[in-house]
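Single-letter residue listing:
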Amino acid sequence: MIPVTHETRSVKPLSFLALALLSSALTTNANAANLTIWTHFEPAGEVAWVKAQAAEFEKKTGHKVQVVSVPFGEITDKFIQSAPKNQGPDLIATQPHDRLGQMAAAGVIEPMDKYITSRGDYDKTALSAFTYRGRLFGVPLFAEAVALVYNKKMVPTPPTSWASFLATAQKNTGNGKFGFLTQIDEPYRSYGFVSAYGGYVFKNNNGTFNTNDVGLANAGTVKALSFLNDLRYKYNLVPEGVDAGAAKSAFVDGRLAMLYTGPWDMGDIKKAGIDYGITSFPTPPGASGKWSPFVGVQGIIVSAYSKQKAAAVQLARQMTSSPAQLAFNKAGGRIPVSLSARAKLKADLVVSGFGNAISVGTPMPNIPQMGAVWGPWGAATAQSVQRAGQNYTQILNRAVTEIKSNLK
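An account of the accompanying structure is given in this report. (Residues numbered from 1 in each chain as written. Predicted model: local features only at pLDDT ≥ 70, side-chain atom pairs only at ≥ 80, totals over all residues. Heavy atoms only, no water.)

**A word on the pattern of salt bridges**
So, step 1. Considering all chains together, one arrives at nine salt bridges under this definition.
So, step 2. In this structure, the salt-bridge partner of Asp-265 is Lys-248, at a minimum N-O distance of 3.9 Å. You can see Asp-265 sitting in the loop between β11 (256-261) and α10 (266-271) and its partner Lys-248 sitting in helix α9 (residues 244-252), a full 17 residues away along the chain.
So, step 3. Residue Asp-265 is classed as buried on the basis of its relative accessible area, which comes to 8%.
So, step 4. Each of Asp-113, Arg-119 and Arg-135 takes part in a single network of salt bridges with overlapping partners. (Salt bridge = Lys/Arg side-chain N within 4 Å of Asp/Glu carboxyl O. Helix = DSSP H or I, 4+ residues; strand = E, 2+ residues; numbered from the N terminus. Buried < 20%, exposed > 50% of the residue type's maximum accessible area, 1.4 Å probe, protein only.)

The structure is reproduced here in structure tokens:
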């Protein structure tokens, strides 16, 4: 018999406590999820934000989160290949919405309709971007679009009509200065004009795109190309050879009154100390609708093959909440799609200015068939501004014929 000493007597009651604690820990661990999240973010602040969100989630729920960096150019194909083999992540932060259709068609992402029932705080444009065939397939986090950035020294009051825009642009053109510049031969930037005149890429019926209905050769798109041509040859605003880089350089140098660009140029503009404002482009002349630029949205997607979907969705919701979007903006300056987050950032000219453009914008089609569009459409847009007074209908008909051929 083992003698009962002072030491063994003191250990006995503690051993029961230890067993109870161990049992509790085992129960907790059994219920805890081990999540993997892929991210393509490279800026230190944004990577730190993902890790901070993971740490907060772990502390709040007891679940574990592993953050894995995957290059942006590899993340879509790698996920589609690995998810069915249960080798992929539980969720991705973030995925551009124009890759959504490819992933949804492959069956690798989880529909979010039953999880995200309260959507009032999300920008409607962003929700539309993540809707594929009528279903929500992700939770939007941030967005971008082009808008009119103006130098307040040259443009004290931003133009709100085409007449005031033209007068302001022409007034500031000459003597080594420019009133308005952009890269007019590029379809992403020019889509806002296409939309204003009634053109479109594919007809969108509540999140389902009809690829048999291509609107890039209709009367509206013809008028849009004519307008782009006029910017160069009728109004003498955008000289030949001006690309995005040249336009930005002129603005940064203080030689340009109004620059048509996106938030990606704002870092250099801020560094240059330009006193700027940001506004929407006014309705172009003779347009039946309002300017509505292409919008790119990125958000969190959840794997359809995740074995911990409830926890993955919980993390996705946390990362796209208003407080998280505020923190993400602070980390990298991205524009939130949370309306309440934007309201708290209303003093930030980048957020408020481009946020307005996003809200009135049109999401780029999120289907893989867009791959058949960019080349012919881009060539047609470039050709339309090479010389004055062209046959835009002929140019666009050729482009649409090529697009439809590519779609077969």
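**Observations concerning the layout of surface pockets**
So, step 1. Reported here for the largest pocket is a volume of approximately 300 Å³.
So, step 2. Lining the largest pocket are 18 residues, with Pro-263, Gly-332, Gly-333, Arg-334 and Val-350 positioned closest to its centre.
So, step 3. Secondary structure elements with two or more residues in the lining of the largest pocket: β6 (139-145), α10, α12 (322-332) and α14 (349-359).
So, step 4. In terms of residue class, the lining of the largest pocket is made up of nine nonpolar, four polar and five charged. (1 Å grid on protein atoms, 1.4 Å probe; cavity = no way out; pocket = protein on both sides within 12 Å on 5 of 7 lines; lining within 4 Å. Points joined across faces, edges and corners; volume = space filled by probe spheres on them. Nonpolar A, V, L, I, M, F, W, Y, C, P; charged D, E, K, R; others polar.)

**Comments concerning empty space enclosed by the protein**
So, step 1. Per the stated rule, a full pass over the model turns up one cavity of 30 Å³ or more.
So, step 2. One number sums up the size of the largest cavity: a volume of about 40 Å³.
So, step 3. In this structure, the largest cavity is lined by Ser-128, Ala-129, Thr-131, Asn-204, Phe-209, Pro-363, Met-364 and Asn-366.
So, step 4. Across the lining of the largest cavity, the residue classes break down as four nonpolar, four polar and no charged.

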